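# Summary of the model geometry
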Amino acid sequence: MPKSTKNQIMNALAELLQTKRLDDITVTELVEQCGLSRQAFYYHFSDLYGVVDYGIQQLLDGLGVANPEQWREPLERTLTLLRENRTLVLNVYRAYERSYVERHVRRWAMPLVEARTRLAAQRYAVTEDQVGFMSEMLTQGLASIVLSWVDRGMPSSVIQRLDDFDILVGGALDYAMERLAQKNGK
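Each chain has its residues counted from 1, following the order in which its sequence is written. The predicted origin of the model limits local features to residues at a pLDDT of at least 70 and limits the giving and counting of side-chain atom pairs to 80 or more, whereas totals for whole chains, interfaces and linings rest on all residues. Note: side-chain values were computed over all heavy atoms of the structure, leaving out hydrogens and water.

## Observations regarding the pattern of salt bridges
Formally: Here a salt bridge means any side-chain nitrogen of Lys or Arg lying within 4 Å of a carboxyl oxygen belonging to Asp or Glu. Secondary structure is summarised from DSSP: a helix means a run of H or I of at least four residues, a strand means a run of E of at least two, and numbering begins at the N terminus for each. Three labels apply to residues, based on accessible area from a 1.4 Å probe with only protein chains included: buried if under 20% of the type maximum, exposed if over 50%, partly exposed otherwise in between.
Applying the stated rule across the entire model yields seven salt bridges. Here D151 and R98 are joined by a salt bridge, their closest N and O atoms 2.3 Å apart. One end of the pair, D151, is in helix α8 (residues 128-151); the other, R98, is in helix α7 (residues 98-121), and 53 residues separate them in sequence. Close ionic contact of R118 with E128 constitutes a salt bridge, the shortest N to O distance being 2.3 Å. Placement of the pair is R118 in helix α7 and E128 in helix α8, with a sequence separation of ten residues. Exposure remark for E128: the relative accessible area of 51% places this residue in the exposed category. Salt bridges linked by common partners bring E114, R118 and E128 together as one network.

## Focus: the environment of T28
Position of T28 among the secondary structure elements: in helix α2 (residues 27-34). Looking at T28, the relative accessible area reads 36%, which means it is partly exposed. Sequence spacing of T28 and V89 is 61 residues, and the spatial spacing of their C-alpha atoms is 22 Å.

## Some remarks on helix α6 (residues 86-93)
Taken across its eight residues, α6 has six buried, putting it largely inside the fold. Three or more residues of α6 are buried, namely L88, V89, L90, N91, V92 and Y93.

Shown next as structure tokens:
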């Protein structure tokens, strides 16, 4: 069966999640929503959580940083998309353990933060390990901001916090890279 069937299932689940929590949706209800058989569903997914994982993967695959100097644009676009689909996001979020969601948020944030970190590192004599460490620390910070925002129910735009985070990142990276280069004797 083509990928379009998987997308059909994913889209039908997204529709249901606009009005119901994931835990309240059944496979029977989902296949009725998309007009497929249970067999077709189970050919592609083992359960509803597999559909959610597929949807998250599709979203993450669509993100990227073409230009590290413009790392904020995909970040803002993604958070705006999450806010626009607030009900769906919160219904999924509440069905999972925080550690599971945090892993996905870190996976989403890492390429964005790493691109920005590598851009700053070009001016300094730092090691790959040091760049990785800085990227991991800043990714944890960004993930914490995003998860706190979702925990509070995504009450408003998170862009102001991103502005503050961007200022922090710029200053922290320059300071830390300079100190690491001094430590490295260069």
